[in-house]
Amino acid sequence: MKEIPNFPGYFVTQNGEIFSNRKVSQGKRRGKYIPKHPGIYKLKKELFRKNRFRVNLIGSDGKPAHRFIAVLVLETFVCPRPSGYYACHGKLGSLEDSLENVYWATPKQNTADRKRDGTACIGEKNPLARLNEYQVRICKRLHHEYLLSHKTIASFFDVNTTTVHRAITGRTWEHLR
């Protein structure tokens, strides 16, 4: 267990557990704070957007801050965040914030990891997708084998011509090449 940089009184373990020895007020009684927890206690993790944990801390400047646990683990045990790098999770998933599962990575490496793990927002997983995989395969076949125009195919599927063009040329749905 090591103290978190820039957050005095907060500690993190290599397993991603956050502890504190700061006094937390239970309430005011005639202007005096009553300590809620004496000694060291474990902080409650908050699930953020269903895929990452974060905690609320008070910084050395006295201001409250939300911090992702993966970032705290890396900044405490590895090094401060390099410029332009993200805290990424390994094959154990984004809900496992242990030191052996998190690492600093570039945005390009992060995208490659999302494709590897099947969590990338491509194809039908994209909420803005107008076509499904089967329809894209039909579009490509109609264009290449039957030489139909993008406009004709778009009217058949009731989508914009640009949508069909991007699907056929591989600008979108590039994983179906």
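*Asks:* I'd like a rundown of helix α3 (residues 133–144), residues and numbers included.
*Replies:* Think of an α-helix as 3.6 residues a turn; residues three or four steps apart then line up on the same face. Here α3 spans 17 Å end to end across 12 residues, near enough to the 16 Å set by a 1.5 Å rise per residue. Of the positions making up α3, those classed as buried are V136, C139, K140 and L142. Here the buried residues of α3 occupy an arc of 165° about the axis, which is enough to place them on one side. A distance of 3.2 Å separates the backbone nitrogen of Y134 from a side-chain oxygen at the start of α3, and that oxygen is part of N132.

*Asks:* Summarise the sheet that holds strand β1 (residues 2–3); cite the residues concerned and give the values.
*Replies:* With respect to topology, 4 strands assemble into an open sheet ordered β1-β2-β3-β6, the strand pairing being antiparallel. With one partner strand each, in any of the chains shown, β1 and β6 (41–42) form the two edges of the open sheet. Its contacts with the sheet place helix α1 (residues 69–77) against β1, β2 (10–12) and β3 (18–20), and it is angled at close to 85° to β2.

*Asks:* So what's going on with the packing of aromatic side chains? Which residues, and what values?
*Replies:* For the structure shown, the criterion picks out 2 aromatic pairs. Seen in terms of ring centroids, F48 and F68 are 5.4 Å apart; in terms of plane orientation they differ by 65°. Their pairing is edge-to-face. In this pair, F48 sits in strand β7 (residues 46–48) while F68 sits in strand β9 (residues 64–68), placing the two residues 20 residues apart along the sequence. Look at F48 and you get partly exposed, because its relative accessible area is 21%. Over the face of the ring belonging to F68 we find R52, whose NZ or CZ atom lies 3.7 Å from the ring centre.

*Asks:* Describe the sheet that holds β7, naming the residues involved and giving the relevant values.
*Replies:* Spatial ordering of the open sheet is given by β7-β8-β9, a layout of 3 strands whose pairing is antiparallel. Because the sheet does not close on itself, it has two edges, and the strands there are β7 and β9. Looking at each pair of strands side by side, their axes are set apart by 40° on average, direction ignored. Bridge count for β7 against strand β8 (residues 52–58) is 3 bridges, and the pairing is antiparallel. Residue pairing for β8: E46 is matched across the bridge by R54. Lying on the sheet, α1 is in contact with β8 and β9; it crosses β9 at an angle near 85°.

*Asks:* Before we move on, can you summarise unusual backbone geometry with the specific residues and values?
*Replies:* A positive phi angle, near 50°, is found at R49, a position not held by glycine. Within the secondary structure, R49 sits in the loop between β7 and β8. Despite not being glycine, W173 shows a phi value in the positive range, around 60°. On the basis of relative accessible area, W173 is assigned to the buried category, the value being 11%.

*Asks:* Tell me about the nonpolar core, and name the residues and values.
*Replies:* I4, F7, I18, L57 and L72 are the most contacted members of the largest nonpolar core, which totals 20 residues. Elements with a minimum of two residues in this core: β2, β8, α1 and β11 (102–105). Beyond its immediate sequence surroundings of up to four residues, I18 is in contact with I4, F11, V12, Y41, K42, L43, V55, L57, I69 and L72. By size, the runner-up hydrophobic cluster in this structure holds 13 residues, among which are L131, L142, V164 and A167.

*Asks:* Could you give an account of the packing of α3 against helix α4 (residues 150–157), with specific residues and numbers?
*Replies:* Remark: α3 packs on α4, axes separated minimally by 10 Å, with the N-to-C direction vectors making an angle of 145°. The element α3 and its partner α4 pack so that their crossing is right-handed. Mapping the contact onto sequence places Q135, I138, C139, L142 and H143 in α3 and H150, I153 and F157 in α4.

*Asks:* Just give me the short version of the side chain of H89, but keep the residues and values in it.
*Replies:* If you trace the backbone, H89 turns up in strand β10 (residues 86–89). Of the polar contacts made by the side chain of H89, one reaches the backbone oxygen of S94; its length is 3.4 Å. Within the structure, H89 has its side chain in polar contact with the side chain of D97 (distance 2.7 Å). When residues no more than four places from it in sequence are discounted, the contact partners of H89 are A70, S94, E96, D97, N101, V102, Y103 and R116.

What counts and what doesn't
- Residues numbered from 1 in each chain as written.
- Predicted model: local features only at pLDDT ≥ 70, side-chain atom pairs only at ≥ 80, totals over all residues.
- Heavy atoms only, no water.
- Helix = DSSP H or I, 4+ residues; strand = E, 2+ residues; numbered from the N terminus.
- Expected span 1.5 Å × (residues − 1).
- Buried < 20%, exposed > 50% of the residue type's maximum accessible area, 1.4 Å probe, protein only.
- Arc of directions from axis to C-beta.
- Polar contact = N/O pair within 3.5 Å; in protein donor to acceptor, adjacent residues only side chain to side chain.
- Pairing = 2+ DSSP bridges.
- Contact = heavy atoms within 4.5 Å.
- Axes fitted to C-alpha atoms, helices over the stretch in contact; angles between N-to-C directions.
- Phe/Tyr/Trp six-rings, centres within 6.5 Å; stacked < 30°, edge-to-face > 60°.
- Lys NZ or Arg CZ within 6 Å of the ring centre and 35° of its normal.
- Core = buried A, V, L, I, M, F, W, Y, C linked by side-chain atoms within 4.5 Å.
- Left-handed = near helix turned anticlockwise from the far one by under 90°.

On their own, these measurements won't tell you what the molecule is for.
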